[in-house]
Amino acid sequence: QVQLVESGGGLVQAGGSLRLSCVASGSIFSLARMGWYRQVPGKQRELVATITGAGSGSTNYADSVKGRFTISRDNAKNTVYLQMNSLQPEDTAVYYCNFRIAIDYWGQGTQVTVSS
């Protein structure tokens, strides 16, 4: 069983920045593909960014966040980050950390609110 704990959400003005963190339990973090997803009420959860494991570190971003968000990982700390710059009101959502290795594990979510 993998547990994920997210932090770093909050309220920010448009144009501002936030950094989300997600700490995973267990000893296989470095092998997992990690990702950030987001969801607003009434809509499906959508992919924001992913980063592969096993030493690859390849990243993938939703078109809506390319050039503004950066995903990274620190395998020594079992942590994945999402640096969010130039935030816009449409980025407002609950952001979820995802751990994938054969099956998916999810964090509890952290609220990000961007005011105009």
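Our structure's up above, just so we're on the same page.
A brief structural summary. (Residues numbered from 1 in each chain as written. Predicted model: local features only at pLDDT ≥ 70, side-chain atom pairs only at ≥ 80, totals over all residues. Heavy atoms only, no water.)

**Digging into the environment of Thr-59**
Okay, step 1: You can see Thr-59 is positioned in strand E6 (residues 59-61).
Okay, step 2: Residue class for Thr-59 comes out partly exposed when judged on its relative accessible area of 41%.
Okay, step 3: Between the alpha carbons of Thr-59 and Gln-111 there is a distance of 23 Å; along the sequence they are 52 residues apart.
Okay, step 4: Beyond its immediate stretch of four places on either side in the chain, Thr-59 contacts Thr-50, Ile-51 and Ile-71. (Helix = DSSP H or I, 4+ residues; strand = E, 2+ residues; numbered from the N terminus. Buried < 20%, exposed > 50% of the residue type's maximum accessible area, 1.4 Å probe, protein only. Contact = heavy atoms within 4.5 Å.)

**Concerning the nonpolar core**
Okay, step 1: With 30 residues, the main nonpolar core has Trp-36, Leu-82 and Tyr-95 as its most contacted residues.
Okay, step 2: Contributing elements (two or more residues each) for this core: strand E3 (18-24), strand E4 (33-39), strand E5 (46-51), strand E7 (69-74), strand E8 (79-84), strand E9 (93-101) and strand E11 (110-115).
Okay, step 3: Filtering out sequence-adjacent residues up to four positions away, Leu-82 remains in contact with Leu-18, Arg-19, Leu-20, Trp-36, Val-48, Ala-49, Phe-69, Thr-70, Ile-71 and Tyr-95. (Core = buried A, V, L, I, M, F, W, Y, C linked by side-chain atoms within 4.5 Å.)

**Quick word on the pairing of E5**
Okay, step 1: Relative to E5, E4 runs antiparallel, the two sharing five bridges. Counted as the bridge partner of Gly-35 is Thr-50 from E5.
Okay, step 2: In textbook terms, the turn of a hairpin is the stretch between consecutive antiparallel strands, and for E4 and E5 this stretch comprises six residues, one of which, Gly-42, has a positive phi near 85°. (Pairing = 2+ DSSP bridges.)

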